[in-house]
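Descriptive structure summary
What follows is the residue order along each chain.
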Amino acid sequence: MRAGELNDSLGDPVDFVTERLGFVPDAKQELLLRGRMRRCLLNCSRQWGKSTITAAKAVHRAYTVPGSLVVVLGPSARQSAEFLRKAAGFTRRLGIRPRGDGDNEISLQFPRESRIVGLPGKEDTVRGFSAVSLLLIDEAARVSDDLYNAVSPMLAVGDGDLWLMSTPFGQRGFFYEEWAHGGEMWERLCVPASECARIPPSFLEERRKAMGERWYRQEFCCEFTDTEGSLFESELIRKAINYACRRQMIMS
């Protein structure tokens with residue numbers, strides 16, 4: 001069974017999450033569950049629930065695909081452990097007692113040899129995994145490019161799926177580059193706070209006044225605002241570099 005294939009006998013993923021895990025997804029979360037996305041970029045507002053819905057996705061993959069390995073990476077071990085804590089809550093609702101795999105400190109073992117493993121945000125400690133069915137990078141905008149490059153090869157053998165989830169953090173790093181310039185290989189989903197019924201408009205207005213426009217647009221409107229302190233806008237710098245490269249090619 002290929003990494004992305006699901007056991008149809010367990011029914012629709014939304015039904016599984018709703019009836020078996022006790023979580024009722026909203027319309028955008030349903031799209032994530034049903035989409036069968038191989039390469040997914042999720043650009044979402046703070047407090048939308050990305051960790052919860054992707055934890056449900058991880059549990060669904062591990063429970064329905066025998067022998068599958070789901071790897072979760074965050075900027076820190078604490079971030080990955082928090083993700084696994086949410087996944088463990090879902091496994092209890094399946095009647096599975098959460099336990100580790102015996103090899104990795106942050107992990108969940110499932111029946112039929114499936115696992116979810118959480119990795120710390122350190123490049124020198126994440127190597128060694130292969131045939132990964134689903135690689136989830138949480139808070140991707142705050143994960144280093146070196147770490148991203150270190151974990152990406154894990155997908156090669158198993159032809160696995162890759163999901164990057166984050167709130168923006170300036171026009172820098174692989175999450176921004178994949179979103180802005182990654183091409184058609186990626187399916188992109190953007191969920192600003194204005195589309196989340198769970199976040200009251202009064203709270204958003206309060207945050208806008210307290211945080212200032214730039215930070216508010218980044219944290220709640222899913223905008224890749226220019227990095228604070230930049231002397232020139234990122235797009236102007238990019239155009240200048242492209243112009244210089246074209247001029248060099250002509251002259252040579």
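Bear in mind the structure is a predicted one, so any value in this text is a computation, not a measurement.

Rules and cut-offs
- Residues numbered from 1 in each chain as written.
- Predicted model: local features only at pLDDT ≥ 70, side-chain atom pairs only at ≥ 80, totals over all residues.
- Heavy atoms only, no water.
- Helix = DSSP H or I, 4+ residues; strand = E, 2+ residues; numbered from the N terminus.
- Buried < 20%, exposed > 50% of the residue type's maximum accessible area, 1.4 Å probe, protein only.
- Contact = heavy atoms within 4.5 Å.
- Core = buried A, V, L, I, M, F, W, Y, C linked by side-chain atoms within 4.5 Å.
- Pairing = 2+ DSSP bridges.
- Axes fitted to C-alpha atoms, helices over the stretch in contact; angles between N-to-C directions.
- Disulfide = S-S within 2.5 Å.
- Lys, Arg positive; Asp, Glu negative; His and termini not counted.
- Salt bridge = Lys/Arg side-chain N within 4 Å of Asp/Glu carboxyl O.
- Polar contact = N/O pair within 3.5 Å; in protein donor to acceptor, adjacent residues only side chain to side chain.
- Parallel < 35°, antiparallel > 145°, perpendicular 65-115°, else oblique.
- Left-handed = near helix turned anticlockwise from the far one by under 90°.

1. Points about the overall build of the protein
Counting its regular elements, the protein contains nine helices and seven strands. For the protein, the residues scored as buried account for 46% of the 252 residues in total. The long-range share in the protein, meaning contacts at least 24 apart out of those at least 6 apart in sequence, stands at 72%.

2. Some points on the nonpolar core
Core analysis: the biggest nonpolar cluster contains 44 residues, and Leu32, Ile116 and Leu136 have the highest contact counts within it. The element best represented in this core is helix α3 (residues 50-64), accounting for seven residues. Non-local contacts of Leu136, meaning those with residues more than four positions away in its chain, are made with Thr54, Ala58, Val70, Val71, Val72, Leu73, Phe83, Trp163 and Met165. In this structure, Leu41, Val151, Leu164 and Phe175 belong to the second largest nonpolar core, which totals 28 residues.

3. Let's talk about the sheet that holds strand β1 (residues 39-44)
If you walk across this open sheet you meet the seven strands as β3-β4-β2-β5-β6-β1-β7, and the pairing is mixed. Every interior strand has two partners, whereas the edge strands, β3 (107-109) and β7 (187-191), have only one. Mean inter-strand twist for the sheet, computed between neighbouring axes without regard to direction, equals 15°. Where strand β5 (residues 134-138) lies against strand β6 (residues 161-166), five bridges are found, and the strand directions are parallel. Looking at β6, one finds that Leu136 is bridged to Trp163. Along the sheet, α3 contacts β1, β2 (69-73), β4 (115-119), β5 and β6; its crossing angle with β5, the most-contacted strand, is approximately 165°. Strand contacts of helix α6 (residues 173-181): β1, β5, β6 and β7, with the helix running at about 105° to β1, the strand carrying the most contacts.

4. Notes on the environment of Val143
Checked against the element boundaries, Val143 lands in the loop between β5 and α5 (145-151). A residue is classified by how much of its surface remains accessible, and Val143, at 6% relative accessible area, is buried. Look past the residues within four positions of Val143 in its chain and what remains in contact with it is Leu73, Gly74, Pro75, Ile137, Asp138, Tyr148 and Phe174.

5. Some remarks on the state of the cysteines
Working definition of a disulfide: a covalent bond connecting the sulfur atoms of two cysteines. Within this structure, the stated rule accounts for zero disulfides. With no disulfide of its own, Cys196 lies 9.7 Å from the sulfur of Cys44, the closest cysteine sulfur.

6. Observations concerning the side chain of Arg39
By secondary structure assignment, the location of Arg39 is in strand β1. Lacking a salt bridge, the buried Arg39 has Asp161 as its closest oppositely charged neighbour, with an N-O distance of 4.8 Å. Reaching out from Arg39, the side chain makes a polar contact with the backbone oxygen of Gly160 at a distance of 2.9 Å. In this structure, Arg39 is in contact with Leu155, Gly160, Asp161, Leu162, Met185, Trp186 and Glu187, ignoring residues within four places of it in sequence.

7. Brief notes about the packing of helix α7 (residues 201-211) against helix α8 (residues 213-221)
Helix-helix packing is described using two parameters, namely the angle between the two axes and the distance between the axes. The interhelical angle for the contact between α7 and α8, taken along N-to-C directions, is 135°, at an axis separation of 7 Å. Between α7 and α8, the interaxial angle falls into the category oblique. Between α7 and α8 lies a crossing whose hand is right-handed. Where α7 approaches α8, its residues Phe203, Leu204, Arg207, Arg208 and Met211 are matched on the opposing element by Glu213, Trp215, Tyr216, Glu219 and Phe220.

8. A word on the side chain of Asp138
Structurally, Asp138 can be placed in strand β5. In this structure Asp138 comes out as buried when scored by relative accessible area, which is 2%. One polar contact links Asp138 to Lys50, side chain to side chain, over a distance of 2.7 Å. Once residues within four sequence positions are removed from consideration, Asp138 is found in contact with Lys50, Ser51, Leu73, Gly74, Pro75, Gln79, Phe83, Val143 and Met165.

9. So, unusual backbone geometry
The phi dihedral of Arg112 is positive, around 65°, even though this residue is not glycine. Positive phi is not limited to glycine here, since Ala131 has a value of about 50°. In this fold, Ala131 is placed in the loop between β4 and β5.

10. Section: the environment of Glu30
Here Glu30 is to be found in helix α2 (residues 27-34). For Glu30, a relative accessible area of 28% puts it in the partly exposed group. Distance in space between the C-alpha atoms of Glu30 and Pro13 is 8.5 Å, their sequence separation being 17 residues. Glu30 has contacts with Val14 and Pro25, leaving out every residue within four places of it along the chain.

Any link to function would need more than the numbers given here.
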